[in-house]
Amino acid sequence: MIRMENVHKAFDDNRVLRGMNLEIPKGTSMVVIGGSGTGKSVALKCILGLITPDSGKIHVDGQDAAQGDRDAFLARFGMLFQGGALFDSLPVWQNVAFRLLRGSLKRPVEEAREIAIEKLRRVGLRENVADRFPAELSGGMQKRVGLARAIAAEPEIIFFDEPTTGLDPIMSGVINDLIREIVTEMGATAMTITHDMSSVRAIADNVAMLHDGVIQWTGPVSEMDASGDPYLEQFIHGRAEGPIEAVR
Amino acid sequence: MNLFAGLAGLGRSVLTLLAAFGRVALFTLDALSHIVRPPFYPREFGVALMHMGWLSLPVVGLTAVFTGGALALQIYAGGARFNAEAVVPQIVAIGMVRELGPVLVGLMIAARVTSSIAAEIATMKVTEQIDALVTLSTHPMKYLVAPRVLAALLTVPVLVGVGDVIGVAGGYVVATENLGFNAAAYLKNTVDFLEPLDIVSSLVKGAAFGVIAAVMGCYYGMTSGRGAQGVGRATKGSVEAAAVLILAANFVLTGVFFSI
Ligand SMILES: Nc1ncnc2c1ncn2[C@@H]1O[C@H](COP(=O)(O)OP(=O)(O)O)[C@@H](O)[C@H]1O
Ligand SMILES: [Mg+2]
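Note that this is a predicted model, so its numbers are computed, not measured.

What counts, and at which threshold
Residues numbered from 1 in each chain as written. Chains lettered and ligands numbered in written order. Predicted model: local features only at pLDDT ≥ 70, side-chain atom pairs only at ≥ 80, totals over all residues. Heavy atoms only, no water. Axes fitted to C-alpha atoms, helices over the stretch in contact; angles between N-to-C directions. Helix = DSSP H or I, 4+ residues; strand = E, 2+ residues; numbered from the N terminus. Parallel < 35°, antiparallel > 145°, perpendicular 65-115°, else oblique. Left-handed = near helix turned anticlockwise from the far one by under 90°. Contact = heavy atoms within 4.5 Å. Nonpolar A, V, L, I, M, F, W, Y, C, P; charged D, E, K, R; others polar. Buried area = accessible area lost by both parts, 1.4 Å probe. Salt bridge = Lys/Arg side-chain N within 4 Å of Asp/Glu carboxyl O. Polar contact = N/O pair within 3.5 Å; in protein donor to acceptor, adjacent residues only side chain to side chain. Core = buried A, V, L, I, M, F, W, Y, C linked by side-chain atoms within 4.5 Å. Buried < 20%, exposed > 50% of the residue type's maximum accessible area, 1.4 Å probe, protein only. 1 Å grid on protein atoms, 1.4 Å probe; cavity = no way out; pocket = protein on both sides within 12 Å on 5 of 7 lines; lining within 4 Å. Points joined across faces, edges and corners; volume = space filled by probe spheres on them. UniProt positions renumbered as here; feature names shortened; annotations may be inferred.

### Focus: the packing of helix H3 (residues 57-80) of chain B against helix H6 (residues 140-177) of chain B
Residues and elements named next belong to chain B.
Part 1: Where H3 contacts H6, the axes come no closer than 7 Å and their chain directions differ by 40 degrees. With respect to their mutual orientation, H3 and H6 come out oblique. Crossing of H3 against H6: the hand is right-handed. On H6, the residues touching Leu-57, Val-60, Gly-61, Ala-64, Val-65, Gly-68, Gly-69, Ala-72 and Leu-73 of H3 are Leu-159, Val-162, Gly-163, Ile-166, Gly-167, Gly-170, Gly-171 and Val-174.
Part 2: Taken together, the residues of the contact of H3 with H6 sort by class into 10 nonpolar, seven polar and no charged.

### Some details on the interface of chain A and chain B
Part 1: Tallying the contact residues gives 20 residues for chain A and 15 residues for chain B.
Part 2: Of the roughly 1600 Å² buried where chain A meets chain B, counting both sides, 58% is carbon and sulfur surface.
Part 3: At the junction of chain A with chain B, the criterion picks out two salt bridges.
Part 4: Across the pair Asp131(B) and Lys45(A) runs a salt bridge whose closest N-O atoms are separated by 3.5 Å.
Part 5: Along the contact surface separating chain A from chain B lie five residue pairs in polar contact (both at pLDDT 80 or more).
Part 6: Broken down by secondary-structure element, the contributors of at least two residues to the side of chain A that touches chain B are helix H1 (40-48) and helix H2 (70-75) of chain A.
Part 7: The element best represented in the side of chain A that touches chain B is H2(A), accounting for four residues.
Part 8: For the side of chain A that touches chain B, the class distribution of residues is 11 nonpolar, two polar and seven charged.

### What about the nonpolar core?
Part 1: In terms of nonpolar packing, the biggest core is built from 84 residues, with Leu17(A), Leu22(A) and Phe159(A) touching the most fellow members.
Part 2: Take this core: its biggest share by element is 11 residues, from H6(B).
Part 3: Setting aside residues up to four positions removed in sequence, Leu17(A) forms contacts with Val7(A), His8(A), Lys9(A), Gly39(A), Val42(A), Ala43(A), Cys46(A), Leu210(A) and Gly213(A).
Part 4: Counting 50 residues, the second-largest nonpolar core is a separate cluster that includes Leu80(A), Ala112(A), Ala116(A) and Ala152(A).

### Description of the layout of surface pockets
Part 1: There is about 920 Å³ of room inside the largest pocket.
Part 2: The wall of the largest pocket is formed by 27 residues, among which Phe11(A), Val42(A), Lys45(A), Ile51(A) and Arg226(B) lie closest to the centre.
Part 3: Secondary structure elements with two or more residues in the lining of the largest pocket: strand S2 (14-24) and H1 of chain A together with helix H4 (88-126) and helix H5 (129-135) of chain B.
Part 4: Classifying every residue of the lining of the largest pocket gives nine nonpolar, 10 polar and eight charged.
Part 5: By volume, the second largest pocket amounts to about 710 Å³.
Part 6: If you go around the second largest pocket, you meet 31 residues; those closest to its centre are Arg102(A), Gly103(A), Pro39(B), Tyr41(B) and Thr138(B).
Part 7: Mapped by element, the contributors of at least two residues to the lining of the second largest pocket are H2 and helix H3 (92-96) of chain A together with helix H2 (42-52) and H6 of chain B.
Part 8: At five residues, the largest contribution of residues to the lining of the second largest pocket is made by H2(A).
Part 9: Taken together, the residues that form the lining of the second largest pocket break down as 16 nonpolar, six polar and nine charged.

### Digging into the UniProt feature "domain: ABC transporter" (unreviewed entry) in chain A
Part 1: The UniProt record annotates "domain: ABC transporter" (unreviewed entry) at residues 2-237 of chain A.
Part 2: Summarising residues 2-237 of chain A: 34% helix, 26% strand, and an end-to-end C-alpha distance of 29 Å.

Okay, structure coming up:
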């Protein structure tokens, strides 16, 4: 269970989060939607402790995210970054197996490589990409490598920051199914950020919409279409007219 | 009114500068402390050794040989004005070993190594690779900073030693080929004149400059702003800061070694 309570975060005079509240029950899949630049990535990074919120509380299973053993805390998470964030000095398989090659989850190299190749296959990549470097791959392939890295150590909690942005519709479908599978099979708790409404419908148990630094609407995905919330409606239908200003 | 505003501005700049010094000092202590605390990353250390040490040899060698040669010519020409041409071997040796060897190698390392560390780490920061490291339970100070600082601490003194030898050799070649010095006498004068303290001071300076070069690269990289512009600023700032600090440290260390 992840709980954000009244979280505020500003960068100088840019007030990004202004009292965000969000609850993600264990083993469920939450999808956060919202315009670009509304602070979705910032919210994820606050939970992970990569960004320190100015005020507010963040608890993971009742434990304060900012306190206690950081290594043990982070070992429970997998994260797919918006831009992939692959280590360009390491070949693909070492990126995927990064956690398995060092630290508390360290395995023999052969085994780590096998796991990496298996995870690559799961995200639709062939074995021959394993020894290439991230810079040699297309954007979509990098994204999938990032995804493979996020799931490599079978984390309890997985964050996906725009997993399908930049992928073709077929690959988006594959990734959506994969995320759904991971959540149901592994029983993982997932938080996904996306703009892609087909992703929302494929992945989400619950949906939350971030706007103006707060969660504007949240509820089960089944209630999303009949919410009656003008902000959510505008976003779902992609209208230029509505309460959300197109110029931000 | 104007004077007051000027004073306030001056005060602010001084405070900003002091705060920056404080941050750099804390960063340096933190970096050094991670060198001795596990986990260690031998692969990263090996790569850093290779880049800083082995691959810096050509530039260090070229810098030293030309400087040593030019030094011999200058001392000969200057010495000739009061019939002291014979001091060439001694002054080349002392000039190279005490001053020019460490300073020039330090500055070359600032140009070559500091810039590349800063650009690499800043790019990692900008592309969220540093965040990714953290989420993969890997401490960037340990994984990125400590191996580089340790490698610089160990390799730059060696590079300085190599630079000293090549610089003296450059002076020797010019002196014996162009200035008519006797080869055996030149070598004997050089060896007899140099004191152990000269060599120790040279290597200690090398170690200090190495740490400065690596730490400034890492610090500017880790604190880089966003985007390509952030990377550019970090790189420029790191080289400026490393070069100035190396020259300042050289002054201080020269005082410590030779004025007592
Ligand atoms: N490290 C940072 N420093 C300064 N501003 C930031 C930083 N990270 C994000 N921002 C700003 O916060 C806002 C929200 O960013 P982000 O969370 O990345 O948006 P998105 O919802 O598209 O993921 C943007 O205006 C961005 O410029
Ligand atoms: Mg984002």
